[in-house]
Amino acid sequence: MSTFKLHVQTENYISWKAAIVANYANIKLSIETHANPKDFDTLSISGKSPVLETPHGNISGSNTITKYLSSIRPESGLNGNSFYQQIQVNEWLDFSNNQLEPARAIWLLPVLKQMDFSQRTYFQAKKEVTNALKTLDTYLATNTYLVGQSITLADITISTALVDLYTTVLGEKAQETY
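What you see is a predicted model, and the numbers here were worked out from it, not measured in a lab.

**Here's the deal with the packing of helix α5 (residues 119–140) against helix α6 (residues 153–169)**
Packing of α5 against α6 leaves a shortest axis separation of 13 Å and a crossing angle of 130°. Our classification of the angle between α5 and α6 gives oblique. Crossing handedness for the pair α5 and α6: left-handed. Residues Val129, Leu133 and Leu136 of α5 form the contact with α6, whose own contacting residues are Ile158, Leu162, Leu165 and Tyr166.

**Side note on the environment of Trp92**
With respect to the secondary-structure elements, Trp92 resides in helix α4 (residues 83–111). Residue Trp92 is classed as buried on the basis of its relative accessible area of 10%. Each C-alpha atom of the pair Trp92 and Thr157 lies 8.6 Å from the other, and the pair is 65 residues apart in sequence. With residues up to four places along the chain from it excluded, the contact list for Trp92 reads Leu136, Tyr139, Leu146, Val147, Ala154 and Ile158. Here Leu146 takes part through its backbone oxygen, which lies 3.3 Å from a polar atom of the side chain of Trp92.

Rules behind the numbers
Residues numbered from 1 in each chain as written. Predicted model: local features only at pLDDT ≥ 70, side-chain atom pairs only at ≥ 80, totals over all residues. Heavy atoms only, no water. Axes fitted to C-alpha atoms, helices over the stretch in contact; angles between N-to-C directions. Helix = DSSP H or I, 4+ residues; strand = E, 2+ residues; numbered from the N terminus. Parallel < 35°, antiparallel > 145°, perpendicular 65-115°, else oblique. Left-handed = near helix turned anticlockwise from the far one by under 90°. Contact = heavy atoms within 4.5 Å. Buried < 20%, exposed > 50% of the residue type's maximum accessible area, 1.4 Å probe, protein only. Polar contact = N/O pair within 3.5 Å; in protein donor to acceptor, adjacent residues only side chain to side chain.

Have a look at this one:
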């Protein structure tokens, strides 16, 4: 089995997600950070991070990369164990991409001094993150995993997106609630 190389601008939840998927799928993955964003101009079509070097060529986009890695070893069950579970995994990936991660960025990045602060968008983002956490809390009250009876790409994607929220901006009360 080849060793894959993940190129990122900084190690963060996106690289953690790929590393966890590779670990579950028993795939060798190295991570290379690039201080210069222009490095990605030659690595990917979009010129954006992250990029995965594969034997077939480079691919970019965090969910594309994790879907590729998890598909190398379908027996890992990371994409689900049936067609319906695969669709459920995709549904949770959409939830993360469209509901959780954009609001996460707007709430978290000003705190990390990586984006300008806007009070209106900041409070809207907090509300959207809270709604996403309520959705997850309600679902996980009766389910151990997001899909099926084992860890899938859905669990990995959402849990890695939540790490910085829990360690940086969510207060003790919110952490106890969700």
